[in-house]
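Structure assessment
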Amino acid sequence: MTITQDMVLDTLGMFAFLAVELTILFLLISYLVGVLQEYIPPAKIQSILSGKNGKGYVVAALLGAITPFCSCSTIPFLKGLLRAKAGFGTMMVFLFASPLLNPIIIGLFAVTFGLQVTVFYFAIAMGVSVIAGFTLEKLGFEKYVKAEAYVAPVAKGCGTGCGGNAAPVSKWLRIWHSTWVDFKKVLPYLAGGIALGSMIYGFMPTEWVASVASNSNPFAIPVAAVIGIPLYIRAEAVIPLSAALAAKGMGLGAVMALIIGSAGASLTEVILLKSIFKNPMIIAFLVVILGMAVSAGFLYQFIF
């Protein structure tokens, strides 16, 4: 079997894996968010994540740290926060922090790189997420949220007020209808993102990544951060892959940048965010993740 055939098979395998995984995750998380919204009134969520006294930002970051979401599966939870009209800044903190600080990636970080490096990573991701959320709110970026993102999809079917003999739809079925409508809206974005990410995964050799991001390259850290975004990698895979790249000669500062770039923003997530945000907010999101990745890489190189 030729190298090209191997790459095609890797691409197809990754596409199938991501399509199944992200579909299940999106439907499951959207449904769970819908259930939570049935029992937790929007006013309660607003009060918890108001951010008026600064506590909301920290709570949002900690909420992100305890939710085992990847960058893509954060989106349905974000939609729920938007519809509950939680504070914009705290929602942004959650968006940045959730994929970077989830328990899986922190645990793997500690096992692979040790406690000291893990504490450094956690502090950078937490601090930048809070500062970015606060700054974006103060700069008025809330105006770049699409109006339809605040509106919950209307479930089709007969409710309790129907006339005739039609049976009322249970709340569980109503939540499922809303979840399905949501999923159909993002499906084109999801499919496109998965296809592009899978092609990059299949055709971008790790040896090349290691060579362009070695210590001998002064631009290694920015290059690694940029490479990480289209190279969609699950939390379970990003740490072992990074360890392998380090063993092939990739600088540890560049490894840090790659981890933040790939875990914090994937191409699939950026495409999904197009269904929620206007272009200026998408650009701001990428600037924050790239800035975090590059600054963490250089700071790590300087300290360690």
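Residues numbered from 1 in each chain as written. Predicted model: local features only at pLDDT ≥ 70, side-chain atom pairs only at ≥ 80, totals over all residues. Heavy atoms only, no water.

Per an unreviewed UniProt entry, the recorded name for the protein chain is Permease, and the organism is Sinobacterium norvegicum. Within the UniProt record for the protein chain, the comment given under Sequence similarities (unreviewed entry) is "Belongs to the UPF0718 family." Its UniProt record, at the heading Subcellular location (unreviewed entry), says of the protein chain: "Cell membrane". (UniProt positions renumbered as here; feature names shortened; annotations may be inferred.)

Tallied over the entire structure, the rule returns nine aromatic pairs. Pairing phenylalanine 109 with tyrosine 121 gives two aromatic rings, centres 4.4 Å apart and planes at 25 degrees, and the pair type is stacked. Here phenylalanine 109, found in helix H6 (residues 103-113), pairs with tyrosine 121, found in helix H7 (residues 115-138); they are 12 residues apart in sequence, far enough to count as distant. In this pair, the class of phenylalanine 109 matches that of tyrosine 121, namely buried. Ring geometry for phenylalanine 120 versus tyrosine 300: centroids 5.8 Å apart, planes at 55 degrees, classification tilted. Linking phenylalanine 120 in helix H7 with tyrosine 300 in helix H14 (residues 279-303), this pair joins segments that are 180 residues apart in sequence. With relative accessibility at 10%, the residue phenylalanine 120 sits in the buried group. (Phe/Tyr/Trp six-rings, centres within 6.5 Å; stacked < 30°, edge-to-face > 60°. Helix = DSSP H or I, 4+ residues; strand = E, 2+ residues; numbered from the N terminus. Buried < 20%, exposed > 50% of the residue type's maximum accessible area, 1.4 Å probe, protein only.)

For serine 129, the location among the structural elements is in helix H7. The class of serine 129 is buried, set by a relative accessible area of 0%. Residues in contact with serine 129, not counting those within four places in the same chain, are Val93, Phe96, Ala97 and Met292. (Contact = heavy atoms within 4.5 Å.)

Turning next to H14. Taking 1.5 Å as the rise per residue, H14 with 25 residues should run 36 Å; its terminal C-alpha atoms sit 36 Å apart, in good agreement. Taken as a whole, H14 has its buried residues at Met281, Ile282, Ala284, Phe285, Val288, Ile289, Met292, Ala293, Ala296, Gly297 and Tyr300. (Expected span 1.5 Å × (residues − 1).)

What follows concerns the UniProt feature "transmembrane region" (unreviewed entry) in the protein chain. As recorded in UniProt, the sites labelled "transmembrane region" (unreviewed entry) are residues 12-36, 56-78, 90-113, 119-136, 186-204, 216-233, 245-268 and 280-303. Each end of residues 12-36 is marked by a C-alpha atom, and these two atoms are 36 Å apart; helix forms 100% of the span and strand 0%. Span residues 280-303 is 100% helix and 0% strand, its end C-alpha atoms 34 Å apart.

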